[in-house]
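Here are the chains, one letter per residue:
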Amino acid sequence: MKLSHRITHINPDGSDGWEVFEKARRMIASGISVTELTIGEHDVRTDRSILDAMHGAATGGHTGYASVPGIPALRDAIAARVTERTGVPTRRENVLITPGGQAALFATHTAVCNPGDTALMIDPYYATYPGTIRATAATPVAIPTHAEDGFQPRAEDIAALAKGARSLLINSPNNPTGAVYSRETLDGIAKVCIENDLWLISDEVYDSQVWSGDHLSPRALPGMAERTLVVGSMSKSHAMTGSRCGWIIGPEEVISHLADLSVATTYGVPGFIQDASLFALNAGQELETRIAEPFRRRRAIAQEIVGRQQAVGMIPAEGAMYVMLDIRATGMTGEEFAHALLDTHHIAVMPGESFGRSAAGHVRVAMTIEDTAFGAALERLCEFAAERAEVPVA
Ligand code: PLP
């Protein structure tokens, strides 16, 4: 029986970029001890107080079908948070609760792209982006960025590909590069979007993890609120990756159509998860700071270790839970390096190529293990790179 082109072409070349991660998982399953620095999963579990709230909500009876756009109290809390953080007046009607940011990425592209439309995205990109866009039957087109710019996109590069496109997907703070887009970068992006009548899909799931500079939501820029859909999530800010609770912020009319899409697809998010998310948001800044703090510490550890050698370079990590390392001095591709490091030292990192062409010759290291082990793994990685460097490095 034939399957649809749409589903068989989510990953058309058979690769989804997760091969090193999957190999590491197989090694772990076969009893090998692997230092796992691949995916963005915190090394702390969801806070006990949030789980207690979840348990209380479930045993209290919130286990039936929940309100599909989201429970009013959670939509209000997210609207208030967005208003406070961005200054853009945001109401319940601007908020749709989704099963995580991933579902929000699919829903937003479905909302704005017709089959075959061009959906632009910035390269390097989060590894699911191309497949997500193809799953909506749109066509992903990557806009290159450059290591020497700290991977901040150039407006002229976006403009060069914007003609006839429907949407542009950006992500700041950025996975995998750690870039936090500057005001100048975002002004340039806004100008291109307005001039080319593009929807802007702004993935801000790392907005609570900013180590230098300030996170600015492009929805707050002049003329952008009516053409921007913001993707948010409880996953990273509250260590709730498995709870699957995220949201979309956008114009009321778009949110109302997106609610129809939710009815037709997920039928919303479980009520006890939404209650727990509301509890977590109401716990305030202190909890978010506590969850983000280990990444701030480990970024400093990485800066110190990488700073004292030359075989590996580090892209300035301004935000998010990763560091992007330049291993081009080894003459290896990121893929070759990641496989060799896993085979010889049982350290698993993501090849830059999993995130697009612009990150070739780099590897992404998730800062998701305890400080001492993290530092030791990075030191080993740098030694490994020095051993393989094409010209001797100090
Ligand atoms: N966007 C980015 C940039 C991510 O890195 C992730 C997860 O790692 C997601 C979206 C999806 O997050 P979730 O679906 O857990 O909210």
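Let me begin by describing the structure that accompanies this report. (Residues numbered from 1 in each chain as written. Predicted model: local features only at pLDDT ≥ 70, side-chain atom pairs only at ≥ 80, totals over all residues. Heavy atoms only, no water.)

As for the site of the ligand
Note the threshold: Near, as used in this document, describes a residue that has one of its heavy atoms within 4 Å of the molecule or strand being considered. Counted as a polar contact is a pair of N or O atoms within 3.5 Å, where, for protein atoms, one must be capable of donating a hydrogen and the other of accepting one, and residues adjacent in sequence contribute only when both atoms are in side chains. Reported accessibility uses the Shrake-Rupley method at a 1.4 Å probe radius. Residues are deemed covered only where the shown protein chains occlude them.
The ligand sits among 15 residues. The nearest are Gly101, Asp203, Ser233, Ser235 and Arg244. Contact distances for the ligand include 2.5 Å between a nitrogen atom and a side-chain N or O atom of Asp203. Residue Ser233 places a side-chain N or O atom 2.6 Å away from an oxygen atom belonging to the ligand. For the ligand, whose free accessible area comes to 390 Å², the fraction covered by protein is 94%.

Concerning the sheet that holds strand E4 (residues 139-144)
The condition that has to hold: In this description, strands pair whenever DSSP reports at least two bridges between them. Here a strand is any run of E in DSSP of at least two residues, a helix any run of H or I of at least four, and the numbering for each starts at the N terminus. Axis definition: a line fitted to C-alpha atoms, over the contacting stretch in the case of helices. Angles run 0 to 180 degrees between N-to-C directions. Here, residues are in contact when the closest pair of their heavy atoms is within 4.5 Å.
Here we have seven strands laid out as an open sheet, ordered E2-E8-E7-E6-E5-E3-E4, and mixed in their pairing. The two strands at the open ends of the sheet, each matched to only one other strand, are strand E2 (95-98) and E4. On average, each strand axis in the sheet is inclined to that of its neighbour by 25 degrees, with strand direction left out of account. Judged from the six bridges that link them, strand E3 (residues 118-123) and E4 form a sheet pairing that is parallel. Across the sheet, Ile122 pairs through a bridge with Ile143, a residue of E4. Of the strands in this sheet, E2 and strand E8 (246-249) are in contact with helix H4 (residues 72-86), which crosses E2 at around 120 degrees. Against the sheet, helix H7 (residues 155-162) engages E3, E4 and strand E5 (167-171), with an angle of about 150 degrees to E4.

A short note on the environment of Ala360
By secondary structure assignment, the location of Ala360 is in the loop between strand E12 (350-351) and strand E13 (362-366). As a C-alpha pair, Ala360 and Thr333 span 27 residues in sequence and 6.5 Å in three-dimensional space. If we skip the residues at most four places from it in the chain, Ala360 touches Arg328 and Glu353.

Focus: the pairing of E8
Within a regular strand, side chains alternate between the sheet's two faces. The cut-off we apply is this: The buried label goes to any residue with under 20% of its type's maximum accessible area, the exposed label to any with over 50%, and the partly exposed label to all in between, with areas taken from a 1.4 Å probe on protein chains only.
The two faces of E8 match: Gly246 and Ile248 on one face and Trp247 and Ile249 on the other face are all buried. Strand direction decides the pairing type here: E2 and E8, joined by four bridges, are antiparallel. Counterpart to Leu96 in the pairing with E8 is Ile248. Relative to E8, strand E7 (residues 228-233) is paired through four bridges, and the arrangement is antiparallel. Counted as the bridge partner of Val230 is Ile249 from E8.

Spatial relationships are all this shows, so hold off on functional conclusions.
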